[in-house]
Amino acid sequence: MPEPERYDPLRPGKGEAIAPTGQGGAMDLALEEAESLEKPLGPGGGATGPQEKARSLWSDAWQQLRRNPVFILSALLIAFLVVIAIWPQLIADGDPLRCDLSKSQQGPASGHPFGFDTQGCDVYTRTVYGARASITVGVCATVGAALLGSFLGGLAGFFGGWGDALLSRVADIFFGIPVVLGGLVFLSVVTSTTVWPVVGFIVLLGWPQIARIARGSVITAKQNDYVQAARALGASNSRMMLRHVAPNAVAPVIVVATIALGTYIALEATLSFLGVGLRPPTVSWGIDISNAASQIRNAPHMLLYPAGALSLTVLAFIMLGDAVRDALDPKLR
């Protein structure tokens, strides 16, 4: 009678598999369990295909923005304002400079839902066309201040030394200049009726804020391990700035610039209201508000509509900036 086969722990039996334990021994696993080890587990514990690639800060922020009703509402409003700023004739077929003194300060009428101003100009048409100048000033000033401030602040934060100290002291000087007073002094000697003197003035006083934000963000980013590793591997300063530091330091600059855009639009309207910003024949909300201020009791519609359009525009950009800040700052989630 043959002897029963002895059990050998080093030899797999039927339906069994041997898996190394890492200590020189062996561990018996069911064949199904051994096969399941080769597949990553999904969210429900089941086997799935290749593991999902980790999302970046920007993709994660976009996923959050898509679900934020504040961002969607403000983005739609801004998109509408940009469209009518580029093509105002889509919703206003009149001429903002065509006036009829016989209709001075008259209220809403057929074809003129906002009434007429002191000169007999259509308030609706001027309100629509006024978006072009205000948004042009806001966008151009924001882009200029963001580029100049990011460049200077990024260099100062990355290299430090005397350049950093010099930039900080120059920024302190600009911070000490009152914005409205500076505009009265700077723009009172300019005779141009275009938007560029106002854009240049806003960039001149707006870049220090962006530079300070960019400097602090670069100082934080350059201390990360991946930047130190790139430096140890012999990467040049330009490569570290463009490939490692800048992409991880630009988020705060974007947030501040988005919020500042609405502030710059309000600043342009303030300077135009005081008579040193945009000047006729340029159509601007600030100019219309200035002309309507003295007639607020007799014809409040002259002030209500351009002021309301200005408020909605500034509010939309501030709401957009707040939503972007919440999405890009993990601490606020």
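This text follows the structure it describes.
Owing to the predicted nature of the structure, the values given are computational and were not obtained by experimental measurement.

Draft legend 1. Molecular detail of the environment of Leu148. Its location among the elements puts Leu148 in helix H4 (residues 123-159). Note: C-alpha distance between Leu148 and Leu204 (56 residues apart in sequence) is 9.4 Å. Apart from the residues within four sequence positions on either side, Leu148 is in contact with Val203 and Trp207.

Draft legend 2. Focus on the packing of helix H9 (residues 237-273) against helix H10 (residues 285-293). Direction vectors running N to C along H9 and H10 enclose 45°, while the axes themselves pass 7 Å from each other. Compared by their axis directions, H9 and H10 come out oblique. Remark: the crossing between H9 and H10 carries right-handed chirality. Residues Ala269, Ser272 and Phe273 of H9 touch H10, and the partners they reach there are Gly286, Ile287, Ile289, Ser290 and Ala293.

Draft legend 3. Representation of unusual backbone geometry. The omega torsion across Pro280 and Pro281 is 10°, close enough to zero to call that bond cis. Tracing the sequence through the fold places Pro281 in the loop between H9 and H10. Phi at Gln105 takes a positive value of approximately 60°, unusual for a residue other than glycine. Note that Gln105 resides in the loop between helix H3 (69-86) and H4.

Draft legend 4. The packing of H3 against helix H11 (residues 301-328), seen in detail. Where H3 meets H11, the axes come as close as 9 Å, and the angle between the chain directions of the two elements is 135°. Classified by the interaxial angle, the pair formed by H3 and H11 is oblique. In the crossing of H3 with H11, the sense of the turn from one axis to the other is left-handed. Only Leu312, Thr313, Ala316, Phe317, Met319, Leu320 and Ala323 of H11 make contact with H3, whose side of the interface consists of Val70, Phe71, Leu73, Ser74, Leu77, Ile78 and Leu81. Residues of the contact of H3 with H11, tallied by class, amount to 12 nonpolar, two polar and no charged.

Draft legend 5. Representation of the side chain of Thr127 within the structure. You can see Thr127 is positioned in helix H4. On the basis of relative accessible area, Thr127 is assigned to the buried category, the value being 8%. A distance of 2.7 Å separates the side chain of Thr127 from the backbone oxygen of Val123, its partner in a polar contact. Ignoring sequence-local partners within four residues, the contact set of Thr127 consists of Phe114, Trp285, Tyr305, Pro306 and Ala309.

Parameters and conventions
- Residues numbered from 1 in each chain as written.
- Predicted model: local features only at pLDDT ≥ 70, side-chain atom pairs only at ≥ 80, totals over all residues.
- Heavy atoms only, no water.
- Helix = DSSP H or I, 4+ residues; strand = E, 2+ residues; numbered from the N terminus.
- Contact = heavy atoms within 4.5 Å.
- Axes fitted to C-alpha atoms, helices over the stretch in contact; angles between N-to-C directions.
- Parallel < 35°, antiparallel > 145°, perpendicular 65-115°, else oblique.
- Left-handed = near helix turned anticlockwise from the far one by under 90°.
- Nonpolar A, V, L, I, M, F, W, Y, C, P; charged D, E, K, R; others polar.
- Buried < 20%, exposed > 50% of the residue type's maximum accessible area, 1.4 Å probe, protein only.
- Polar contact = N/O pair within 3.5 Å; in protein donor to acceptor, adjacent residues only side chain to side chain.

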